[in-house]
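Understanding the architecture of this molecule
So the chains spell out like this:
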Amino acid sequence: MSRFSQFGNDLYSGRRSFNIVGRRRFWYAVSAVLVVVSLLGLFGRGLNFGIEFSGGTELRVLGVSQIDGYEQRAGDLVDENVPDRTTTVTLIGDDTVRVQTGEMEAGQAEDLRADLAQEFSVPVESVTSSLVGPSWGESVTQRALIALVIFLLLVTVVLTLYFRTWKMAAAALVALIHDVLFTVGVYALLGIEVSPASVIGFLTILGYSIYDTIVVFDKVRENTEQALDTHRATYGEAANQAVNQTFVRSINTSVVALLPVLVILVIGVTLIGPGTLVDLAWALFIGIAVGTFSSIFIATPLLVHLREGEPAIRKHDATVLKRRARGEARAGRRAVDQPEDEVAHDPSVAGGDVEDVGDAGQRETATVGTPAPARPAPSTAPQGRPLHPYAQRGPRNQPRRKPRG
Amino acid sequence: MSTSVPGRQDEDLPGLSSTTGRTTSRRRSAAGSGKPGKPRPKKARNPRLRGPLRTLLALLVLTVGLYAGIGAANLWGEPQAQLTPQLGLDLAGGRQVVLAPQTDDGQSVSADQLEQAIDIIRRRVDGTGTAEAEVSRLGTNVSVAIPGNPTPDQLEALSRSSQMVFRPVLVAQPVAPTGAEPQVPRELPLPSEQRQEQVEQLAPPAPESVEEGDGTDDAVQTEENRGGERLPASTSTDGAATTGDDDASQTTAPVEPAPPASNPSDLAQITPEVQQQFVEADCAADAEEIADAAAGAPAGQPLVVCSAEGDEKYILGPVELSGANLVDATSGVQQLQQGVVTGVWEVVLTFDDEGTQAFGEVTSRLMGFQEGAAQNRFAMVLDGEVISAPTVRSVISNGIATITGNFTPETAQTLANQLKFGALPLSFEVQTSEQISPTLGGEQLRWGLVAGLVGLLLVFAFMLVQYHALGLVAVASLLVAALLAYGSVTLLGWATNFRLTMAGVTGLIVAIGVTADSFIVYFERVRDEVRSGRPLRYAVDTGWDRARRTIIISDVVNLIAAAVLYYLSESGVKAFAFTLGLTTLIDLLVVIMFTHPVVSMLANTPFFGEGRKWSGMEPERLGAKRSTYLGRGQFREPDAVAPGRRRHTREELEGGVV
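Residues numbered from 1 in each chain as written. Chains lettered and ligands numbered in written order. Predicted model: local features only at pLDDT ≥ 70, side-chain atom pairs only at ≥ 80, totals over all residues. Heavy atoms only, no water.

**Side note on the overall build of chain A**
Scanning chain A for helices and strands turns up 15 helices and six strands. For chain A, the residues scored as buried account for 51% of the 405 residues in total. Contacts spanning at least 24 positions in sequence make up 76% of the contacts within chain A whose residues lie at least 6 apart. Here chain A displays about 19900 Å² of accessible surface, and carbon together with sulfur accounts for 58% of that area. (Helix = DSSP H or I, 4+ residues; strand = E, 2+ residues; numbered from the N terminus. Buried < 20%, exposed > 50% of the residue type's maximum accessible area, 1.4 Å probe, protein only. Contact = heavy atoms within 4.5 Å. Areas by Shrake-Rupley, 256 points an atom, 1.4 Å probe, with all protein chains shown as cover.)

As structure tokens, then:
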């Protein structure tokens, strides 16, 4: 584990760094593939809506005397007659079994009626069948969509105000849409039935995705603001460092969020069997994983992409690069100037990029660069301008008070 | 990141004293005193602990209050509260009621009307959306599945007729929102939930006015006319001109109940009882009783009702016109005759022949009253509440009336919909009402809970591995969050009929992740500060400053999501939004009121403050050097020079930013 914490330290200090922003084309390609796959699923196979959305058939078996195991018995029969349907079997009162399943043709319904009557040993007339409408009707969906659109608009406004640039809001929204689209696409591809529960799952993912992106972006904001002040790093570098510094957080958070869902999934698949719980767990598992992925690998590179074009940022980046080039040139010159000096002081160290220190006497004569930044800078500290002798000597003497009289 | 925050210097002063305290206590604990800590009196006086202790105390009070609330509701509540959360339809089963819609005149119900009926029922049965009732079409009937066991009263409220009527306003009086918001948590959400709906939709009470459909000369809205006319009849100056109209309406008014009054607007109808009733009516507190009473009131008598927003109460005259006379109600942007769009939203009512005549008579009579007087208005009453009470600005004889006011597109649409629903004279007959079993077996819930528990334990283990002793704080925080969540779900189950479905349970499980994330963000920020070389005590303060921003903005966005989805959507989505808002609030509460105070108190203990082994905050493990200044003028020898460097960095020598 200490290796993991070392990993965190290295990411923080910049000793180790994943070039995520720089390799954005690769990550764009990855997510383009994901999106294409989900679009294929959505338009190729289409979503499989449950009875709650599309309506279906309801059969009732009245006056059942042998009620034990009714769920299993009725469920099996429906599977035989009309496969690939999700069926709910409930007990109404003491002796009525209600079977709700998707739409079927009249012939199928007749067969099923006969089978159910036989299974529960009641006359065929005691099995009634009727059509049920959707409980999650058009109006519910419509209002939910309106609410979603208003929410997204509101979030855009809030994030624009908070981050002081609409581009962060835009990038966050793209990541959000990416996540939900992918999850819904997987649903379509695997043919998992969409029930109200899975819609709730999608909404949960939406909340998680935007939450995760904001956490990452807040760090990006912090780092880039600092970079814009100090001119130490370009916008892209600062953003990349922010992502690296929150990397450990992202891993920890997604592990913590995924662990319970994973347990549900495992228990669901092995012990409970298919049903609401497993469907939900799938949606959440995929959604959370892709949500974490997108806030790091999609949202941040996209943000850098959007902002790099701004004149202010472009100017800043140019300044940084110019400074760096100048610093390097100066360091090179100095290395030529005093090679013997360096070697004389400390022959064991090869890199001549750190300034010399020893006792006070030497310090006065030595060149001495910037005081090392409290956090080691990502690139091994470049030479700054030489300090004025006053600054090297330490605190000045206090002015002496004139003797009275 | 390395610059010290201004103002930090001031804190160094008390810090000095506690540094000395730390060294003494270190000696003590080295001597083997059981519990490491400062001497007691000193601890109580330590100014660094006072704030956190107070916060923790507040949280304790809150938690105790929550559970005391549950206890009280359980002992004295009406109905009695349960001590466990209420479960939804899929987990606990409930009652299925099949309602057959009937028109009052025995006509068959069209498919379109059936859809409207389903929407009406959905709102009646579950306006807050938290109970997750299922309303669907079953053949030509409406099937309603309600979790739990509804009372006969609730069933009765479901099947009530949804007829809208037009009544003239006799007296109107604004109700000052008495400090608190008009909505109080209900004990039963069932009856007349439209009110809630309308409170949301029509939130800014719009002064509305009616004018002739194509009369655009005086198009814009009137000023507010909540004159609060007390009883004296303000028979207007131009009363002479209107007496003729009065007579006309008296003779031809379709539902004239022959009261001792000269016409339906006559204030003589207000008997002392009605007046007494009006004075006592409290639209904030007894909105439901008033609405229920009003819904069943006879058509020919004056009536005391509240507005749907609960901000105005009225005495209304007898019914003059029923919703059945309304052909259509639409909302749209106002258009002038030249086709110029004004941008003002309006609701357009279209009456049938009978309605046109009756409405023309009503408006011509009401025009006789001074503009701004209460009697100049008429009210549309639906389900015992006034959904709109505009003033009359012109005589409307062509059967097309427009209502303007400061509508938004949504509020205009809502009013139009309500008017349309109200135009549908449907009542419902209960055909069957049966108990249904849960759709998901108890098996599913049990395994779901087991899975949640195992997941929680794994999360605990992970936090301990990652953050060592600090992980214990995270574990404790999660437990506190769980306690709060359980308590509030239980209490809300009683107060607003909040019910947990399987999706809700999974949502709560996912909330573990989001809640734990707040701690992770916080701990990682503190670690970052330690990495930058801050001594732990200061690292906690600065780390919190930064983490707090992140946690608050991300939670605020989730709260926005919850609020928008809650107010604008229905049934399942509403329930989701409720759960999301609840867990987000708990997350914020726990991080601010528990985790941070505990961590900042712990930072003052030698174990954490000095970053001992397994504290989770060892500077060495985080790649930083210990603080060199040990207090009392003592310094530590600088450690060996790090490989790859030829000198000590400033942090190594000075202990970073102190």
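**Describing a positive patch on the surface**
Residues and elements named next belong to chain A. There is a patch of like positive charges on the surface, built from Arg232, Lys322, Arg323 and Arg326. Secondary-structure assignment places arginine 232 in the loop between α8 (196-230) and α9 (235-245). You can call arginine 232 exposed: its relative accessible area is 59%. (Patch = residues over 30% accessible without salt bridge, like charges linked within 9 Å, V, L, I, M, F, W, Y side chains within 5 Å. Salt bridge = Lys/Arg side-chain N within 4 Å of Asp/Glu carboxyl O. Lys, Arg positive; Asp, Glu negative; His and termini not counted. Charge placed at Lys NZ, Arg CZ, Asp CG, Glu CD.)

**With respect to the interface of chain A and chain B**
Often the size quoted for an interface is simply the accessible area lost on bringing the parts together. Opposite the 88 residues of chain A that make contact, chain B presents 81 residues. Interface of chain A and chain B: buried area, both sides summed, is about 7800 Å²; carbon and sulfur atoms make up 64% of it. Counting across the chain A and chain B interface gives three salt bridges. For glutamate 222 of chain A, the salt bridge is made with arginine 525 of chain B, and the minimal N-O distance between the two is 2.9 Å. Across the chain A-chain B interface, the total number found is ten residue pairs in polar contact (both at pLDDT 80 or more). Split into classes, the residues belonging to the side of chain A that touches chain B amount to 53 nonpolar, 20 polar and 15 charged. (Buried area = accessible area lost by both parts, 1.4 Å probe. Polar contact = N/O pair within 3.5 Å; in protein donor to acceptor, adjacent residues only side chain to side chain. Nonpolar A, V, L, I, M, F, W, Y, C, P; charged D, E, K, R; others polar.)

**Thoughts on the pattern of salt bridges**
All names here are of chain A. According to the stated counting rule, one finds 18 salt bridges over all chains in the structure shown. Residues glutamate 308 and arginine 24 are paired through a salt bridge, measuring 3.2 Å at the closest nitrogen-oxygen approach. With glutamate 308 in helix α11 (residues 276-308) and arginine 24 in helix α2 (residues 24-45), this pair connects stretches of sequence that are 284 residues apart. For glutamate 308, a relative accessible area of 27% translates into the label partly exposed. The partner of arginine 221 in a salt bridge is aspartate 218, with the nearest N and O atoms 3.0 Å apart. Highlighted residues: arginine 221 and aspartate 218, both in helix α8, separated by three residues, approximately one helical turn. For the residue pair arginine 221 and aspartate 218, the accessibility class agrees, reading buried in each case.

**Brief notes about the confidence of the model for chain A**
Segments scoring low in pLDDT should not have their predicted coordinates read at a detailed level. Confidence in the prediction of chain A, expressed as mean pLDDT, is 78, and 83% of residues score 70 or more. Between residues 341-382 of chain A, whose pLDDT stays under 50, and residues either more than four places distant or in other chains, the model counts 57 contacts. (pLDDT = per-residue confidence, 0-100.)

**Here's the deal with the pairing of strand β3 (residues 88-92) of chain A**
Residue and element names in this part refer to chain A. Most of β3 is tucked away: four of the five residues are buried. Judged from the five bridges that link them, β3 and strand β4 (residues 96-101) form a sheet pairing that is antiparallel. The residue of β4 that forms the bridge with valine 89 is valine 99. Where β3 hands over to β4, the hairpin turn is made up of three residues, of which glycine 93 adopts a positive phi near 65 degrees. (Pairing = 2+ DSSP bridges.)

**Some points on the nonpolar core**
By size, the foremost hydrophobic cluster in this structure holds 152 residues, and its most contacted members are Phe217 of chain A together with Phe523 of chain B. The biggest single contributor to this core is helix α13 (residues 442-495) of chain B, with 20 residues. Residues contacting phenylalanine 217 of chain A, with those up to four places away along its chain left out, are Phe163, Met168, Ala171, Ala172, Ala299, Thr300 and Leu303 of chain A. The next biggest cluster of nonpolar side chains, apart from the first, holds 26 residues, and it includes Leu321, Ala358, Phe359 and Val392 of chain B. (Core = buried A, V, L, I, M, F, W, Y, C linked by side-chain atoms within 4.5 Å.)

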